[in-house]
Amino acid sequence: MNVTKDGSKDRQLHNEGYLQRVSAEQKEYAEAFAHQRIAENNHTITNFQTDNLMEKILHRDNLNEAYRKVKSNKGAGGIDGMRVDELLPYLKENREQLIQKIKDGKYKPNPVRRVEIPKEERGKVRKLGIPTVVDRVIQQAITQVLNPIFEEQFSDNSFGFRPKRGAHDALKQCQKNVNDGYVYVVDMDLEKFFDTVCQSKLIEILSRTIKDGRVISLIHKYLNAGVVRNGLFERTEVGVPQGGPLSPLLSNIMLNELDKELMSRGHRFVRYADDCMIFCRSRKSAYRTLEKIVPFIEGRLFLKVNKDKTEVAHISKVKYLGYSFYRNNGKCKLRVHPKSIEKMKNRLREITSRSNGWGNEYRAKKLAQFIKGWVNYFALSDMKQLLKETDEWLRRKIRAVYWKQWKRIKTRYKMIKKYNVPEWKVHELANCRKGIWRSAIMLNSVLTNKEIASLGYISMTGYYLKVCEN
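Residues numbered from 1 in each chain as written. Predicted model: local features only at pLDDT ≥ 70, side-chain atom pairs only at ≥ 80, totals over all residues. Heavy atoms only, no water.

Would you mind showing me how to read the packing of helix α3 (residues 60-73) against helix α4 (residues 87-104) here?
Each pair of packed helices gets described by two things: the angle between the helix axes and the distance between those axes. Between α3 and α4, the least distance of the axes is 13 Å, while the angle of their chain directions is 150 degrees. Like other packed secondary-structure pairs, α3 and α4 cross with a definite hand, here right-handed. Between α3 and α4, the residues in contact are R60, L63, N64, Y67 and V70 and L87, L88, L91, R95 and I99, respectively. (Axes fitted to C-alpha atoms, helices over the stretch in contact; angles between N-to-C directions. Helix = DSSP H or I, 4+ residues; strand = E, 2+ residues; numbered from the N terminus. Left-handed = near helix turned anticlockwise from the far one by under 90°. Contact = heavy atoms within 4.5 Å.)

Following this line, the structure appears as C-alpha cells:
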C-alpha cells in the first residue's frame, strides 16, 4: 500500500529546487509582509492573537477534531491511495514526525488528484482537486483555527461556506431586497473562479490578518502543491484547488474584498460563494454599477468576469441558486427554475430506469434519498402543482418498472391476483399486449397510490407538505 511519506526521494512530482524556494518563502513570510504588495488597502484585525497560530493549529485537540471531521466526511483518497479508514493507524505512527516537519517548515503537501465533474452546460466540467487524507486533516486543522478569525471580517451579505448560513438565507435576503424595490440585478458570473485566483493577491490578503509566517508559508505550499492528471504532474501557479477543506475559506477570504468594495459604494448585494447578485432600483443604475465594478474585479482582484454570462436583468428573468423569482401582490415569491426542474426529472429517470439493474428495495431507498434532499433544498418555493404532476409521472414510471419485471403472462397472472382483483380483470391485464409505458396506466387499479407507498416509495407532495415554509 502506498501511503503519504514526505521524505520519499525528493518526490519526483516536484521540480528541483523546491526546497530552496520553500526556505526562501519561510524567510519572506516571517517578515509578515512589512511592505505592501498589491493592494492599496491594508486592513488588519486586532481582536485575535494571530502571531502564534501554528501552535493553535497543531494543538492536540484541534488535530483530533480535524481527524474526526475528515473521517465523518469520508470521501475518496488522493494520489497516495490511502483511504480514510487507513488514516488513524498512519497518524498514530507518524504523528510526532508530521507535526515536527510542519513546525520546521519542511513539510511538503502532496499534489491533488484531478477529478473532472460534468457541468450542466454541455461539454464543460468542474475541476476538483482531491487531496490525500493526511493533507485533508492538516487543511481541516488550519480551517478550524482561521474560520473564527475571518468570520469577524466577512459581510452579512455573504452566505456560502459559512457556519449557520446557507442558500435559503441568501434567497430570503434576495426577497427582502426585491420587496424593498430593488428589482433590477447585476447577475455577476466570475469565469472559472477557483482556477483563476491570483495566488500572490490571496497571500497578500491573508498576510494582513495572519502574522504567523509559518502558517502563510504552509498555505502557499498547498496552493503550489500541483495536480496529478492521468499520471502526469502539473504545476499550479494560479488558482485554488477546489475539493479540499481549505478552499471554501480561501475563496471567501478572496471575495470578501469584493464584498467590502460593494459595501463601501452603498450597494445591496447577495453573494453565495462566487455567485453574486447586485440589486438596483432601475435598469440604468444596474448598467452603471456593472460598468464601474468590472474594473475593480479585473484590475484590483485579478479575476475574470464572464462577459457572456454576466447580465443586467429584471429579477423575474434571472436564475439564482436553482430558483427563479416572481412577484405576487407586491411580494417577491420563489419558484423552481425550469432548468432545475429538467435536471430533477433527468435524475428521476436514472433512478427509475428499467435497465439499471437495481432491486426494488434499493431503488425505493435511492428515490427517497433524492426526493428528501431535493424537496428540502427547494422548500422555499411554491411548487405544489409541480410536485403533484411530478408524482403522477413518477408513479407511472414505478408501475412500468414492475410491469417489465412481470414479463411472462404466467408471472403477471400470479402477481396481479395477489391484489384481490376480479378474475376477469386479472385475465385482461395478464394478457395485455400493449407497450410497457401504456400498460403502466392500466396498473393503476392494481398498484394503487397506497400500494406504491407501502412498497417504500415516498410522495414528493407528501414530503413537501411536511417541510414547506410557505
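Before we go on, may I ask you to explain the packing of aromatic side chains in this structure?
For any pair of aromatic rings, the description rests on two quantities: the centre-to-centre distance and the angle between the ring planes. Across all of its chains, the model carries nine aromatic pairs by this definition. Taking 6.4 Å as the distance between ring centres and 40 degrees as the angle between the ring planes, the aromatic pair formed by F161 and Y272 counts as tilted. Remark: Y272 occurs in strand β6 (residues 268-272) and F161 occurs in the loop between α5 (133-151) and α6 (167-179); sequence separation between them is 111 residues. A relative accessible area of 41% means that F161 is categorised as partly exposed. (Phe/Tyr/Trp six-rings, centres within 6.5 Å; stacked < 30°, edge-to-face > 60°. Buried < 20%, exposed > 50% of the residue type's maximum accessible area, 1.4 Å probe, protein only.)

Explanation requested: the sheet that holds strand β3 (residues 184-189) in the structure shown.
To summarise the sheet geometry, strands pair through backbone hydrogen bonds and adopt either a parallel or an antiparallel arrangement. Strand order in the open sheet made by the four strands is β6-β7-β3-β8, with antiparallel pairing throughout. Both edges of this open sheet fall to β6 and β8 (311-314), since each of them pairs with a single strand only. Put simply, the sheet's adjacent strands are angled 25 degrees from each other on average, direction ignored. One ladder, built from four bridges, connects β3 with β8; its direction is antiparallel. Paired with V185 across the strands is A313, a residue of β8. (Pairing = 2+ DSSP bridges.)

Could you clarify how one ought to interpret the side chain of S439 in this entry?
Within the element layout of this structure, S439 appears in helix α17 (residues 436-442). Leave out the neighbours within four places in its chain, and S439 touches W403, C432 and K434.

Looking at this structure, how should I read the pairing of strand β7 (residues 275-280)?
When a strand is regular, its side chains alternate between the sheet's two faces. Counting buried residues in β7 gives five out of six residues, a clear majority hidden from the surface. Sheet analysis places β3 next to β7, joined by six bridges and oriented antiparallel. Bridge pairing in β7 links V186 to I278. Across five bridges, β6 lies against β7 in antiparallel orientation. Bridge pairing in β7 places V270 opposite M277. Counting the residues between successive antiparallel strands, the hairpin from β6 to β7 contains two residues, one of them, A273, with a positive phi of roughly 55 degrees.

Where do I start with unusual backbone geometry in this structure?
Working note: non-glycine residues mostly have negative phi, and peptide bonds are mostly trans. The backbone of F161 sits at a positive phi, close to 60 degrees, despite the residue not being glycine. Even without being glycine, N230 reaches a positive phi, approximately 55 degrees. With respect to the secondary-structure elements, N230 resides in the loop between β4 (227-229) and β5 (232-234).

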